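Here are the chains, one letter per residue:
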2 protein chains.
Amino acid sequence: MKKQNISDAVIRRLPRYYRHLNDLCNKGVIRISSHSLGVKMGITASQIRQDFSCFGEFGQQGYGYNVEELRSEIGHILGVDQSHHLIMIGVGNLGHALLQNFRFSQCGFTVDAAFDIAPSIIGTDINGVHIYHMDELEDYIRAHKVDVVSLTVPKSIAQDLADRLTALGIRGFWNFTNLELVSSNPEVKIENIHFSDSLLTLSYRIVNP
Amino acid sequence: MKKQNISDAVIRRLPRYYRHLNDLCNKGVIRISSHSLGVKMGITASQIRQDFSCFGEFGQQGYGYNVEELRSEIGHILGVDQSHHLIMIGVGNLGHALLQNFRFSQCGFTVDAAFDIAPSIIGTDINGVHIYHMDELEDYIRAHKVDVVSLTVPKSIAQDLADRLTALGIRGFWNFTNLELVSSNPEVKIENIHFSDSLLTLSYRIVNP
């Protein structure tokens, strides 16, 4: 499987392919052409073939793709079969919403623990996830495998916290703080979610119809 | 100002430019070269110049960009000076988190009302936004200007609700339901936020370092 110099744009389309293929599986669709998949996703068939060619050959010319096989291949490329261990720091409304509603397991993640400073929730469980006091964070990380930390804390403490976690060996951050987290360590992978980027994109489309 | 056939990739970079320029303004930076801005954002100087050329000329060759002017220009292109009217449907944990913490006004939006079915919150205000019963939704929309509806409702009701709202004249949707909302009406602008796409991108980067 070729996997060199994959562009950011291609990488960002992979989860979209995976999501659409999941939908198709759930609808019982067995095969799909690159043309039909493209129409569904708003991209061209040639873009799809070009994207997939980065990872090898998935379809057979003229027969389209087997939906279940392609879903499984792309899922494997994305690592959904890896069972990543995630802990959440910050269980305010957003953290609570993620714990209650977001299907981590469908992305290959288990949420092993959550941390906060609010006495009202420490010691409780939300959707099976135990909430610890922040003071217990370092001991927890030293004793457990943690692949990713989800940051749903105030923006003001995000970078310091991330630096501290990086020093403790954390190499993955799912960052909701609206601060653009940076790391000089290339091993540290950061995914920043910026709600404002999304709302401003919508604003642009409304203003420039 | 030229604004034809702007690619989706360029449009999605505009909010990122705006965010980084806001940061620079807040730090008191007066001028920045396309090279320095590119380093900060992880893109090339030539990409930046190419993106901006879609909208006219912002800088002066050899002098870089005036940060405040560029911020203002891009903000205008994005419509942050338009004062869009938004209502929120669904005030669970996620809706609550957005009302409490998300700075709508910095994106040019005012949140005029929110709607839910939970008796415990109907009639209350969250961060100055009044929560109405869903039964009042249609009357509200008929009586007020509503540019965008933020959907933080269960996935199962999202498409029906969006169709109903479209019939009532709503043309903008900020959709957090993890359902890929679609509309056959080209006037309807939809921005779907998929947390799973973000987490799977992170997973990919961890698995393929």
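Conventions used here
Residues numbered from 1 in each chain as written. Chains lettered and ligands numbered in written order. Predicted model: local features only at pLDDT ≥ 70, side-chain atom pairs only at ≥ 80, totals over all residues. Heavy atoms only, no water. UniProt positions renumbered as here; feature names shortened; annotations may be inferred. Helix = DSSP H or I, 4+ residues; strand = E, 2+ residues; numbered from the N terminus. Least-squares fit on C-alpha atoms with pLDDT ≥ 70 in both. Contact = heavy atoms within 4.5 Å. Axes fitted to C-alpha atoms, helices over the stretch in contact; angles between N-to-C directions. Parallel < 35°, antiparallel > 145°, perpendicular 65-115°, else oblique. Left-handed = near helix turned anticlockwise from the far one by under 90°. Nonpolar A, V, L, I, M, F, W, Y, C, P; charged D, E, K, R; others polar. Phe/Tyr/Trp six-rings, centres within 6.5 Å; stacked < 30°, edge-to-face > 60°. Buried < 20%, exposed > 50% of the residue type's maximum accessible area, 1.4 Å probe, protein only. Buried area = accessible area lost by both parts, 1.4 Å probe. Salt bridge = Lys/Arg side-chain N within 4 Å of Asp/Glu carboxyl O. Pairing = 2+ DSSP bridges. Right-handed = clockwise from strand over helix to strand, strands pointing away. 1 Å grid on protein atoms, 1.4 Å probe; cavity = no way out; pocket = protein on both sides within 12 Å on 5 of 7 lines; lining within 4 Å. Points joined across faces, edges and corners; volume = space filled by probe spheres on them.

- Chain A is annotated in an unreviewed UniProt entry as Redox-sensing transcriptional repressor Rex from Dysosmobacter acutus.
- Here chain A is described in UniProt, under the heading Subcellular location (unreviewed entry), as follows: "Cytoplasm".
- Under Subunit (unreviewed entry), UniProt gives the following word-for-word description of chain A: "Homodimer."

## What to know about the UniProt feature "domain: CoA-binding" (unreviewed entry) in chain A
- Using the residue numbers shown here, the UniProt feature "domain: CoA-binding" (unreviewed entry) corresponds to residues 79-180 of chain A.
- Strand forms 28% of residues 79-180 of chain A and helix 28%; the C-alpha atoms that close the span are 24 Å apart.

## Section: the relation of the copies chain A and chain B
- For the pair chain A and chain B, the relating rotation is 180°, the translation along its axis is 0.0 Å, and the fit reaches an RMSD of 0.0 Å. Seen this way, the second copy is the image of the first under a two-fold rotation axis.
- Interface overlap between copies: 100% of the residues of chain A at the interface are likewise at the interface in chain B, consistent with a symmetric, same-surface contact.

## Looking at the packing of helix α8 (residues 195-207) of chain A against helix α1 (residues 8-26) of chain B
- Where α8 of chain A meets α1 of chain B, the closest approach of the two axes is 9 Å, and the angle between their N-to-C directions is 125°. By the angle class used here, α8 of chain A and α1 of chain B are oblique. Considering how the two elements wind past one another, α8 of chain A and α1 of chain B form a crossing that is right-handed. Note on element contacts: α1 of chain B touches α8 of chain A through D8, I11, R12, L14, P15, R16, Y18 and R19 of chain B, opposite S196, D197, L200, T201, Y204 and R205 of chain A.
- Of the residues belonging to the contact of α8 of chain A with α1 of chain B, the class tally is six nonpolar, two polar and six charged.

## Topic: the packing of aromatic side chains
Residue and element names in this part refer to chain A.
- Scanning all chains against the criterion turns up 25 aromatic pairs over all chains.
- With a centroid separation of 5.4 Å and an interplanar angle of 25°, the aromatic rings of F115 and Y132 are classed as stacked. Within this pair, whereas F115 is found in strand β4 (residues 109-116), its partner Y132 is found in strand β6 (residues 129-133), the two being separated by 17 residues in sequence.
- Under the relative-accessibility criterion, F115 is labelled buried at 0%.
- Residue Y132 is classed as partly exposed on the basis of its relative accessible area, which comes to 24%.
- Judged by centre distance (4.7 Å) and plane angle (70°), the ring pair of W174 and F176 falls under edge-to-face. There is no split in this pair, since W174 and F176 are both buried.

## Considering the interface of chain A and chain B
- The interface is formed by 57 residues belonging to chain A together with 57 residues belonging to chain B.
- Together, the buried faces of chain A and chain B total about 4,900 Å²; carbon and sulfur atoms form 68% of this surface.
- In terms of surface lost to chain B, no three residues of chain A exceed L199, L200 and Y204 of chain A, which account for 14% of the buried area on that side.
- R19 of chain B serves as the salt-bridge partner of D197 of chain A, at 2.7 Å between the closest nitrogen and oxygen.

## Considerations on the sheet that holds strand β9 (residues 189-192) of chain A
Residue and element names in this part refer to chain A.
- Strand order in the open sheet formed by seven strands is β5-β6-β4-β3-β7-β8-β9, with mixed pairing between adjacent strands. A strand with exactly one partner marks an edge of an open sheet, and here the two such strands are β5 (125-126) and β9.
- In this structure, strand β8 (residues 172-175) lies alongside β9, joined through four bridges in parallel fashion. Across the sheet, residue G172 finds its bridge partner in β9, namely K189.

## Considering the pairing of strand β7 (residues 148-151) of chain B
Residues and elements named next belong to chain B.
- Side-chain alternation along β7 places V148 and S150 on one buried face and V149 and L151 on a second face that is also buried.
- Of the strand pairs in this sheet, strand β3 (residues 84-89) and β7 are connected by four bridges, and their pairing is parallel. Paired with M88 across the bridge in β7 is S150.
- Strand direction decides the pairing type here: β7 and strand β8 (residues 172-175), joined by three bridges, are parallel. The residue of β8 that forms the bridge with L151 is N175.
- Assessed by its sense of winding, the connection that carries the chain from β7 through helix α7 (residues 155-167) to β8 is right-handed.

## Side note on the layout of surface pockets
- Counted as a void, the second largest pocket has a volume near 1,300 Å³.
- Lining the second largest pocket are 46 residues; nearest its centre among them are K155, F176, T177, N178 and L179 of chain A.
- Mapped by element, the contributors of at least two residues to the lining of the second largest pocket are α5 (93-101), α7 (155-167) and α8 of chain A together with α1 and α5 (93-101) of chain B.
- At seven residues, the largest contribution of residues to the lining of the second largest pocket is made by α1 of chain B.
- Its residues placed into classes, the lining of the second largest pocket shows 21 nonpolar, 15 polar and 10 charged.

## Points about the side chain of D197 of chain A
- Position of D197 of chain A relative to the elements: it lies in helix α8.
- When sequence neighbours within four positions are dropped, the list of residues in contact with D197 of chain A reads P15, R16 and R19 of chain B.

## Some details on the pairing of strand β3 (residues 84-89) of chain A
Residue and element names in this part refer to chain A.
- With respect to burial, β3 is a largely interior element, five of its six residues being buried.
- One ladder, built from six bridges, connects β3 with β4; its direction is parallel. Directly across from M88, in β4, lies its bridge partner A114.

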